[in-house]
Amino acid sequence: MSEFHITREYPHSAGKLWHALTDPELVPLWTSTGRGGRPEGWNGIVDCEVLAVEPPVMLRHTWQGDERQPSVVTWRIERCEAGSRLTYDHTGFTGVDGFIMAKFVLGPVRRRMLDRGLPAVLDAIDDSGRRRPGAAVKAAGS
């Protein structure tokens with residue numbers, strides 16, 4: 001099985017990070033497809049089933065695009081000296097196609113979203129998850 005893991009620290013509270021990750025109005029602002037990215041080689045739909053939720057520290061769900069078997073995504077948030085640490089684990093990719101998906105497709109896309117898209121949204125919202133007046137958010141892929 002293949003998998004990938006990403007850890008990032010943000011100078012924002014755990015609650016603010018939780019809002020950005022889970023609020024359906026905020027998620028499209030930092031994800032590639034939500035900000036106008038074009039699905040290539042797949043239908044652009046990801047089916048998910050929530051497996052576990054522990055606000056504001058953990059969200060686990062299945063992930064199934066065009067893959068035959070669903071994989072599992074776990075988001076963990078913890079406080080750290082810088083503010084909050086986000087650990088993203090995406091596990092359960094199988095076969096050669098799964099290796100390619102984890103290593104060359106989803107891994108790089110997810111890193112870009114967590115390095116560019118998510119910080120822009122975090123900077124644009126307050127601790128309650130509301131957008132600050134006049135705060136602009138650039139596309140995740142920009």
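Structural data are supplied above this passage.
Because the structure is a prediction, the values reported are computed rather than measured.

A. Region of the structure containing the packing of aromatic side chains. One pass over the structure, following the stated rule, counts 4 aromatic pairs. Relative to tryptophan 75, the ring of tryptophan 30 lies with its centre 5.9 Å away and its plane at 85°, an arrangement referred to as edge-to-face. In this pair, tryptophan 30 sits in helix H2 (residues 27-30) while tryptophan 75 sits in strand E4 (residues 71-80), placing the two residues 45 residues apart along the sequence. Exposure class is identical for tryptophan 30 and tryptophan 75. Each is buried. One aromatic cluster in this structure is built from Phe4, Trp30, Trp75, Tyr88 and Phe93.

B. Structural view of a nonpolar patch on the surface. Taken together, the side chains of Val96, Phe99, Ile100, Phe104 and Val105 make up a nonpolar region of the molecular surface, amounting to roughly 480 Å² of accessible area. Residue placement: phenylalanine 99 occurs in helix H3 (residues 95-124). By relative accessible area, phenylalanine 99 is classed as partly exposed at 41%.

C. Seen up close, the pairing of strand E5 (residues 83-93). Of all the 11 residues making up E5, 8 are buried; the element is thus mostly covered by neighbouring parts of the structure. Summarising the sheet, E4 and E5 pair through 9 bridges and their orientation is antiparallel. The partner of arginine 76 across the bridge, within E5, is threonine 87. The antiparallel hairpin formed by E4 and E5 contains 2 residues in its connecting segment.

D. Structural detail: the sheet that holds strand E3 (residues 58-63). Overall, antiparallel pairing links the 5 strands, which are arranged E1-E5-E4-E3-E2 in an open sheet. Of all strands in the sheet, those with a lone pairing partner are strand E1 (2-10) and strand E2 (50-54), marking the two edges. Recorded for the sheet is a direction-independent mean angle of 10° between the axes of neighbouring strands. Where E1 and E5 come together, 8 bridges link them in antiparallel fashion. Along E5, the bridge assignment pairs threonine 7 with threonine 87. On top of the sheet, helix H1 (residues 14-22) reaches E1, E2, E3, E4 and E5; it is set at about 155° to E4, its chief contact. On the sheet, H3 packs against E1, E3, E4 and E5 and is oriented at approximately 10° with respect to E1.

Conventions adopted
- Residues numbered from 1 in each chain as written.
- Predicted model: local features only at pLDDT ≥ 70, side-chain atom pairs only at ≥ 80, totals over all residues.
- Heavy atoms only, no water.
- Phe/Tyr/Trp six-rings, centres within 6.5 Å; stacked < 30°, edge-to-face > 60°.
- Helix = DSSP H or I, 4+ residues; strand = E, 2+ residues; numbered from the N terminus.
- Buried < 20%, exposed > 50% of the residue type's maximum accessible area, 1.4 Å probe, protein only.
- Patch = residues over 30% accessible without salt bridge, like charges linked within 9 Å, V, L, I, M, F, W, Y side chains within 5 Å.
- Areas by Shrake-Rupley, 256 points an atom, 1.4 Å probe, with all protein chains shown as cover.
- Salt bridge = Lys/Arg side-chain N within 4 Å of Asp/Glu carboxyl O.
- Pairing = 2+ DSSP bridges.
- Axes fitted to C-alpha atoms, helices over the stretch in contact; angles between N-to-C directions.
- Contact = heavy atoms within 4.5 Å.

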